[in-house]
Amino acid sequence: MKEITEDIFYEYIKKYDKLLLDYAVISADDDYNSEISHKEAVITAISAFNQRKRVGNSFTFPEFYVDESKMSCKKCSTENFFTVNPVEKYGNCMFVEESCYWNYSDAFLYYTPYRVPYTEKDFQKVNYVLFPECYRKDLEIYIWNDNFSNYFNDGNDCMGAVMWSVYDKHMNRFIIIGSSMTD
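Calculation rules
Residues numbered from 1 in each chain as written. Predicted model: local features only at pLDDT ≥ 70, side-chain atom pairs only at ≥ 80, totals over all residues. Heavy atoms only, no water. Core = buried A, V, L, I, M, F, W, Y, C linked by side-chain atoms within 4.5 Å. Buried < 20%, exposed > 50% of the residue type's maximum accessible area, 1.4 Å probe, protein only. Helix = DSSP H or I, 4+ residues; strand = E, 2+ residues; numbered from the N terminus. Contact = heavy atoms within 4.5 Å. Disulfide = S-S within 2.5 Å. Pairing = 2+ DSSP bridges. Axes fitted to C-alpha atoms, helices over the stretch in contact; angles between N-to-C directions.

Student: Residue-level account of the nonpolar core, with values.
Tutor: Ranked by internal contacts, the top residues of the largest apolar core, which has 53 residues, are Y23, Y104, F108, F131, M163 and W164. Broken down by element, this core gets its largest block of residues, 6 residues, from strand β4 (residues 161–168). Residues contacting M163, with those up to four places away along its chain left out, are V42, I46, F49, Y142, I143, W144, F148, Y151, F152, I176, I177 and G178.

Student: Could you give me a rundown of the state of the cysteines, with the residues and numbers involved?
Tutor: Applying the stated rule across the entire model yields 0 disulfides. C73 provides the cysteine sulfur closest to C76, a residue in no disulfide bond, and the two sulfurs are 9.3 Å apart.

Student: Please provide a residue-by-residue account of the sheet that holds strand β1 (residues 22–27), values included.
Tutor: Pairing is antiparallel in the open sheet, where 5 strands are placed in the order β1-β5-β4-β3-β2. Every other strand in the sheet has two partners, leaving β1 and β2 (73–76) as the edge strands with one partner each. Going from strand to strand, the sheet's axes swing by 20 degrees on average, the running direction of each strand aside. As paired elements, β4 and strand β5 (residues 173–180) share 8 bridges and run antiparallel to each other. Within the sheet, the bridge partner assigned to W164 lies in β5 and is I177.

Student: Hey, could you go over the pairing of β4 for me, with residue numbers and the actual values?
Tutor: Sheet faces and side chains relate simply in a regular strand, where the side chains alternate between the two faces. Judged by how many residues are buried, β4 sits mostly within the fold: 8 of 8 residues are covered. Here β4 shows no split at all, with A161, M163, S165 and Y167 on one side and V162, W164, V166 and D168 on the other all buried. Two strands pair when backbone bridges link them, and strand β3 (residues 140–144) and β4 are joined in this way by 4 bridges, in the antiparallel orientation. Residue pairing in the sheet places E140 in a bridge with Y167 of β4. A loop of 4 residues connects β4 with β5, the two strands running antiparallel in sequence, and N172 in this loop sits at a positive phi of about 50 degrees.

Set out below in structure tokens:
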């Protein structure tokens with residue numbers, strides 16, 4: 001597996017420069033093997049983050065490593081992944097609590113140390129590029145634990161951390177979405 005650095009998504013996401021999520025578009029191997037392939041894609045993405053100028057809301061970060069023995073994940077429903085929750089659900093709470101279940105839209109719109117100027121419409125536009133509507137019903141999505149890499153350290157010390165891996169069999173690729181921020 002490798003990052004598809006020439007994917008049009010990377011050019012498109014530049015206009016969302018205040019968005020603090022980390023995205024990686026990763027090529028899928030021909031021998032797709034569910035959770036094992038997702039794991040390999042996440043490891044590839046974290047390695048790709050090491051080549052970035054900014055990760056989350058930081059321009060200075062250590063080299064990220066992965067401890068594979070600590071990796072675990074749970075399957076996510078496509079419906080929950082794309083559901084947009086109203087901000088009133090969280091009030092002034094800007095951190096992940098054990099009882100809160102953050103989905104992708106929460107991380108995109110609300111889960112930052114600073115308010116982002118983006119709306120539900122922006123969330124939909126970004127996802128139109130990443131996940132074409134006609135393929136969404138077939139996406140395989142996992143949410144990962146947040147203690148297998150030092151990538152999560154900032155978020156675990158402050159705002160919380162989260163990572164998803166999304167496999168699109170029609171486009172033969174993974175989209176890895178992570179968030180680990182501090183104030």
